[in-house]
Amino acid sequence: MGLVALGCASPAVAQGAYVGAALTGDIVRFNGSETRGVGDVRSGGEALGFALRVGTPLASIWGVEAEFVYPAEIESESSPDVFPLGSFIATNGPIGIPGPLIYPPISYRVRTSWRTSTFSTGVWARHDLSERVALVYSGGAAFNRTKNEFEFSYTPSPRFGIIAPPSSLTETVLYSVQPFAGIGARIGMTAHFELVPAVKLLGLESGMLVRPSIGLGWTF
């Protein structure tokens, strides 16, 4: 696709104010740990989304840009085998020597979903490779809104006749400001029409987000 775009591209014109839309992909990775029998339900995931951006040059090779990105939810699910709901110590012999701990098994399922929508503002610098193609380096601040949902549901073992706790759903919304850095290209297709592939790296609370995108831009 890139070779076709380069072959069809027209000579670049003077850069002006622009608007654009893009299809994005979120690749999210969080810090985490793993316990035997209990998986880490928040290790990361992938999702598609869309972006809207607007920008303007302030000089011949640099300018400013604002972008809003709204991705789909990333879901994860974990179902450990047993849950230690309670325990008691069995005694052996007349002196009550402690025996093994007995855990009535109860299985449970943990479902999580999260979505990080972003409004970012930054500066960019343009490096023309030819009359058709320019590389663009960008950086700035990303204002993130992360919505998390945690749902717990329980299924007791019929052998013990245990009554399972009711399912619970917790929803949280977190706001943060993190830096981002990116690199992309602007490929002039016509006097005003551009193909804009890019990739950005954003910081998250206890993780990071890689956001590749492919979009179209219109220069005024």
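Everything here concerns the structure above.
It should be emphasised that the depicted structure is a prediction, and the values quoted were computed from it without experimental measurement. (Residues numbered from 1 in each chain as written. Predicted model: local features only at pLDDT ≥ 70, side-chain atom pairs only at ≥ 80, totals over all residues. Heavy atoms only, no water.)

Participant: Got a sec to walk through the pairing of strand β1 (residues 18–30)? Specific residues and values, please.
Facilitator: Walk down a regular strand and you will see the side chains alternate between the two sheet faces. Sheet analysis places β1 next to strand β2 (residues 44–57), joined by twelve bridges and oriented antiparallel. Each bridged residue has a counterpart across the sheet, and for A21 the counterpart in β2 is L52. Of the strand pairs in this sheet, β1 and strand β11 (residues 207–219) are connected by eleven bridges, and their pairing is antiparallel. Pairing of R29 across the sheet is with M208, part of β11. (Pairing = 2+ DSSP bridges. Helix = DSSP H or I, 4+ residues; strand = E, 2+ residues; numbered from the N terminus.)

Participant: Describe the environment of V210, with residues and values.
Facilitator: Position of V210 relative to the elements: it lies in strand β11. Between the alpha carbons of V210 and A181 there is a distance of 10.0 Å; along the sequence they are 29 residues apart.

Participant: I'd like a rundown of the packing of aromatic side chains, residues and numbers included.
Facilitator: Tallied over the full model, the rule gives four aromatic pairs. An aromatic cluster of three or more residues is present, and its members are F50, F68 and Y70. Directly above the ring of Y18 sits R186, whose terminal nitrogen or CZ lies 4.6 Å from the centroid. Directly above the aromatic system of W124 lies the positively charged group of R186, at a separation of 4.4 Å from the ring centroid. (Phe/Tyr/Trp six-rings, centres within 6.5 Å; stacked < 30°, edge-to-face > 60°. Lys NZ or Arg CZ within 6 Å of the ring centre and 35° of its normal.)

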